[in-house]
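Chain by chain, the residues run as shown.
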Amino acid sequence: MTAGDGPSLAEAVSEATAVLAAAGVPSPRVDAELLAEHLLGVGLGRLRALMLGDSPAPEGYADLVAERAQRIPLQHITGVAHFRYLELAVGPGVFIPRPETESVVQLVLDWLKGRGGLAHPKVVDLGTGSGAIAGSIAHEVPGAEVHAVEYSEFAHAWAAKNLAPLGVHLIRGDLRDALGEHNGTFDVVVSNPPYIPAEAIPNEPEVALHDPPEALYGGGADGMELPTAAAASAARLLAPGGYFVMEHAEVQSEWIAAMLNRAGVFSEVTTHRDLNGKDRATSAVLTQSELTQSELTSPGQTLPALTPSKKSCHK
């Protein structure tokens, strides 16, 4: 295509922005540029330089814009999700990692930095999905021994593709009872488990229609079955003094903090805000518990439960 055969790149991106805005896409200009950059393969800086001239729109651009206008996730169209310093392969069947989860990784990094004596920390990501958390820790903490657990067959396949080059030990298993042979040996357990209540419907079509349900709904009317199970597994897997951090919905923060405090095996329970100022993660340190070893390591162990909030929440 030459400059005279169709709209210029700048005109096409401007038109795409209007189309995506009319479709309710949250970031129409950014998505319009990313779709063009995906086809051209030049990087955003170069793309914006090309838009200053009379470069033509790339072949097939309108088709990709039409797909995005149907609220198909941008990452499903491009096949890539950017997370911290990683470029992850993603597609149907795996939860698309969100920017707010990057702050959960940062909590782990900050805690490890404060424990300067840990030359080779042992970390596990429960419910790894695409591998975003586990992969980022492996990439950013040289010498770390990183494990990851994923139950979904489809998500496990995506995680395997993303984590193999990073040396992460990935298994397909249930976060409730996985890695029993490693009980009491981890320095860090991190998790972004499914947590949406059964009756809550995500607001965004990209989430409601395209993210796999098993990555969204936490089990039970309150969505707290899997978050509670992740906390129980953390108590089982961590060495005394180890660090547990879990992402959750803003409306669940008080309940999760109370659950961890009442469990009797954690101290330093702390709620953390994400980049938007929302209470989206809670951390704790495993203490020398008075529970017996068998109680700590029994698969399926649950922590003391409280009555959860009935408010809706969104992943």
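Worth saying up front: this structure is predicted, and the values here are computed from it rather than measured.

Here we look at the packing of aromatic side chains
Working definition: an aromatic ring pair is given by the centre-to-centre distance plus the angle between the planes.
No. 1: Applying the stated rule across the entire model yields two aromatic pairs.
No. 2: The side chain of K122 reaches across the aromatic face of F186, ending 4.8 Å from its centre.

As for the packing of helix α2 (residues 28–40) against helix α4 (residues 61–69)
No. 1: Interhelical geometry of α2 versus α4 gives an angle of 140° and a closest axis separation of 10 Å. Viewed along their axes, α2 and α4 adopt a mutual orientation that is oblique. Between α2 and α4 the crossing geometry is right-handed. Mapping the contact onto sequence places D31, A32, L35, A36, H38 and L39 in α2 and Y61, L64, V65 and R68 in α4.
No. 2: Class assignment for the residues of the contact of α2 with α4 results in seven nonpolar, one polar and two charged.

Here's the deal with the sheet that holds strand β4 (residues 145–150)
No. 1: One open sheet holds the seven strands; their spatial order is β5-β4-β3-β6-β7-β9-β8, and the pairing between them is mixed. Each edge of the open sheet is held by one strand with a lone partner, namely β5 (169–172) and β8 (266–273). Each neighbouring strand pair of the sheet contributes to a mean axis angle of 15°, computed without reference to strand direction.
No. 2: Where strand β6 (residues 186–191) and strand β7 (residues 238–247) come together, five bridges link them in parallel fashion. When the sheet's bridge partners are listed, F186 is paired in β7 with L238.
No. 3: Contacts between helix α7 (residues 132–140) and the sheet are confined to β3 (122–126), β4 and β6, with β4 contributing the most and set at about 175° to the helix.
No. 4: Each of β3, β6, β7, β8 and β9 (279–286) is contacted by helix α10 (residues 225–237), which is oriented at about 160° to β7, the strand it contacts most.

Brief notes about helix α6 (residues 102–114)
No. 1: Between its terminal C-alpha atoms α6 stretches 19 Å, which fits the 18 Å expected from 13 residues at 1.5 Å a residue.
No. 2: Within α6, burial applies to V104, V105, L107, V108, L109, W111 and L112.

Scoring rules and cut-offs
- Residues numbered from 1 in each chain as written.
- Predicted model: local features only at pLDDT ≥ 70, side-chain atom pairs only at ≥ 80, totals over all residues.
- Heavy atoms only, no water.
- Phe/Tyr/Trp six-rings, centres within 6.5 Å; stacked < 30°, edge-to-face > 60°.
- Lys NZ or Arg CZ within 6 Å of the ring centre and 35° of its normal.
- Axes fitted to C-alpha atoms, helices over the stretch in contact; angles between N-to-C directions.
- Helix = DSSP H or I, 4+ residues; strand = E, 2+ residues; numbered from the N terminus.
- Parallel < 35°, antiparallel > 145°, perpendicular 65-115°, else oblique.
- Left-handed = near helix turned anticlockwise from the far one by under 90°.
- Contact = heavy atoms within 4.5 Å.
- Nonpolar A, V, L, I, M, F, W, Y, C, P; charged D, E, K, R; others polar.
- Pairing = 2+ DSSP bridges.
- Expected span 1.5 Å × (residues − 1).
- Buried < 20%, exposed > 50% of the residue type's maximum accessible area, 1.4 Å probe, protein only.

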